[in-house]
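# Fold and geometry: a report
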Amino acid sequence: AYDPREPEHVGRALGELDLAYVVLTMVDRDDLIDGGAAHVAQTVQRIKHYAPELLVETLVGDFAGVAADVETVVVDGRPDVLAHNVEVVPRLQKTMRDHRCSWERSIEVLRTAKAAGAKVTKSSLMVGCGETEDELLDALAGLRAADVDVVTIGQYLRPSPKHAELVRYVEPAEFARYKDAGSALGFQFVASGPLVRSSYRAAEAFLQGILRGVPRTFDDSYGKRNKRGLKVVT
């Protein structure tokens, strides 16, 4: 059931932790008139109240394609990063996602968020689902055309026998090509590798740098971190 006290509880809890970056995600709430947009925005507001320096990424659904609800999250919540995942290339949308989702709707969510004033927009793609390399490159071009700033690309792993089959394991060299292609298209950051997921340490470290205006370089490996959990690579 919808809990109107959740934004306050989440804000207070995060206010007690010494975090630099947090990803706030959600389930689809098509049962709510606004898809839960106001609830997300209120949660970000309360987080910022208790932890003003904490960077907040909202990983949201598509809000059934209602632009006003996307705008509510961006304008009222003012998250530092607005993320929405397209998940897979256009041809595989109906195979891999709920039938109510679509590439076009997801792209419009990201475009609407940027138009509403999102500081940074972010999306994610899974590979190994049956897509071709050309399809993945076209998908990256489509995301960039929607002014998406950050993209993560990772290996699809089958959660259970009820889910779509894994078609192949993508070679590291192919992931490297995707990263180079994304950089050439103009993304601010591309994280591409077998273990990369939508919320990924390298992308988050990079986003901390650009959002705080810190001129640093970040890589994908584990290493020494400072007191706020930010790995610095010189």
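In this section: the overall build of the protein. Along the protein, the regular secondary structure elements total 8 helices and 6 strands. In terms of C-alpha radius of gyration, the protein reaches 18 Å, essentially the compact-globule figure of 17 Å for 234 residues. Overall, the C-alpha framework of the protein stretches about 45 × 45 × 35 Å when taken along its three principal axes. Considering only contacts within the protein whose residues lie at least 6 apart along the sequence, 69% involve residues at least 24 apart. For the protein, the computed accessible surface area is about 11,700 Å², with 53% contributed by carbon and sulfur atoms.

Positionally, Thr112 belongs in helix α5 (residues 103-115). There is a polar contact of 2.7 Å between the side chain of Thr112 and the backbone oxygen of Glu108. Thr112 has contacts with Ala67, Val70 and Glu71, leaving out every residue within four places of it along the chain.

Our focus in this paragraph is the pattern of salt bridges. When the charged atoms of two side chains lie near each other, side chains of opposite charge can form a pair. Using the criterion set out here, one finds 18 salt bridges in the structure. A salt bridge links Arg46 to Glu8; the nearest nitrogen and oxygen atoms lie 2.9 Å apart. In this pair, Arg46 sits in helix α2 (residues 37-50) while Glu8 sits in helix α1 (residues 6-15), placing the two residues 38 residues apart along the sequence. A relative accessible area of 26% places Arg46 in the partly exposed class.

Let us look at the confidence of the model for the protein. Averaged over all residues, the pLDDT of the protein is 90; the fraction at 70 or higher stands at 91%. Residue range residues 216-234 is modelled with pLDDT below 50. Its contacts to residues more than four positions away, or to other chains, number 35 contacts.

What follows covers helix α7 (residues 172-185). For α7, which comprises 14 residues, the first-to-last C-alpha distance of 20 Å matches the rise-based estimate of 20 Å (1.5 Å per residue) to within 8%. Among the residues of α7, those classed as buried are Glu174, Phe175, Tyr178 and Gly182. Viewed along the axis of α7, the buried residues span an arc of 100 degrees, placing them on a single side of the element. Exposed residues pointing more than 90 degrees away from the buried face of α7 are listed as Pro172, Asp180 and Ala184. For α7, the secondary structure elements touched by its buried residues are β4 (121-127), α6 (133-145), β5 (150-155) and β6 (189-192). Following α7 by one or two positions, Gly186 has its phi on the positive side, about 110 degrees.

The next subject is the nonpolar core. Leu125, Leu136, Leu143 and Ile153 are the most contacted members of the largest nonpolar core, which totals 25 residues. At the level of elements, α5, β4, α6, β5 and α7 are the ones that each hand at least two residues to this core. In terms of residue count, the dominant contributor to this core is α6 (4 residues). Judged by nonpolar contacts, the second largest core, of 19 residues, contains Leu24, Leu54, Leu82 and Ala113.

The strands that make up a sheet are held in pairs by hydrogen bonds between backbone atoms, and each pair lies either parallel or antiparallel. Strand order in the open sheet formed by 6 strands is β1-β2-β3-β4-β5-β6, and the pairing between neighbours is parallel. Two strands bound the open sheet, and with one partner strand each, they are β1 (21-25) and β6. Neighbouring strand axes in the sheet, compared pairwise and without regard to direction, differ in orientation by 20 degrees on average. Summarising the sheet, strand β2 (residues 55-59) and strand β3 (residues 81-83) pair through 3 bridges and their orientation is parallel. Note on β3: the bridge partner recorded for Thr58 is Leu82. Its contacts with the sheet place α5 against β3 and β4, and it is angled at close to 155 degrees to β4. With respect to the sheet, α6 is in contact with β4 and β5, its orientation differing from that of β4 by roughly 170 degrees.

Where β1 meets β2, 5 bridges bridge the pair, whose relative direction is parallel. Across the sheet, residue Leu24 finds its bridge partner in β2, namely Thr58. Taken together, β1, α2 and β2 constitute a β-α-β crossover, and its handedness is right-handed.

Take the pairing of β4 next. Along β4, 6 of the 7 residues are buried, which leaves the element largely enclosed by surrounding structure. Note that β3 and β4 share 2 bridges and pair parallel. When the bridges of β4 are listed, Ala83 appears paired with Lys122. Across 6 bridges, β4 lies against β5 in parallel orientation.

Criteria and thresholds
Residues numbered from 1 in each chain as written. Predicted model: local features only at pLDDT ≥ 70, side-chain atom pairs only at ≥ 80, totals over all residues. Heavy atoms only, no water. Helix = DSSP H or I, 4+ residues; strand = E, 2+ residues; numbered from the N terminus. Rg over C-alpha atoms; globule rule 2.2 N^0.38 Å. Contact = heavy atoms within 4.5 Å. Areas by Shrake-Rupley, 256 points an atom, 1.4 Å probe, with all protein chains shown as cover. Polar contact = N/O pair within 3.5 Å; in protein donor to acceptor, adjacent residues only side chain to side chain. Salt bridge = Lys/Arg side-chain N within 4 Å of Asp/Glu carboxyl O. Buried < 20%, exposed > 50% of the residue type's maximum accessible area, 1.4 Å probe, protein only. pLDDT = per-residue confidence, 0-100. Expected span 1.5 Å × (residues − 1). Arc of directions from axis to C-beta. Core = buried A, V, L, I, M, F, W, Y, C linked by side-chain atoms within 4.5 Å. Pairing = 2+ DSSP bridges. Axes fitted to C-alpha atoms, helices over the stretch in contact; angles between N-to-C directions. Right-handed = clockwise from strand over helix to strand, strands pointing away.

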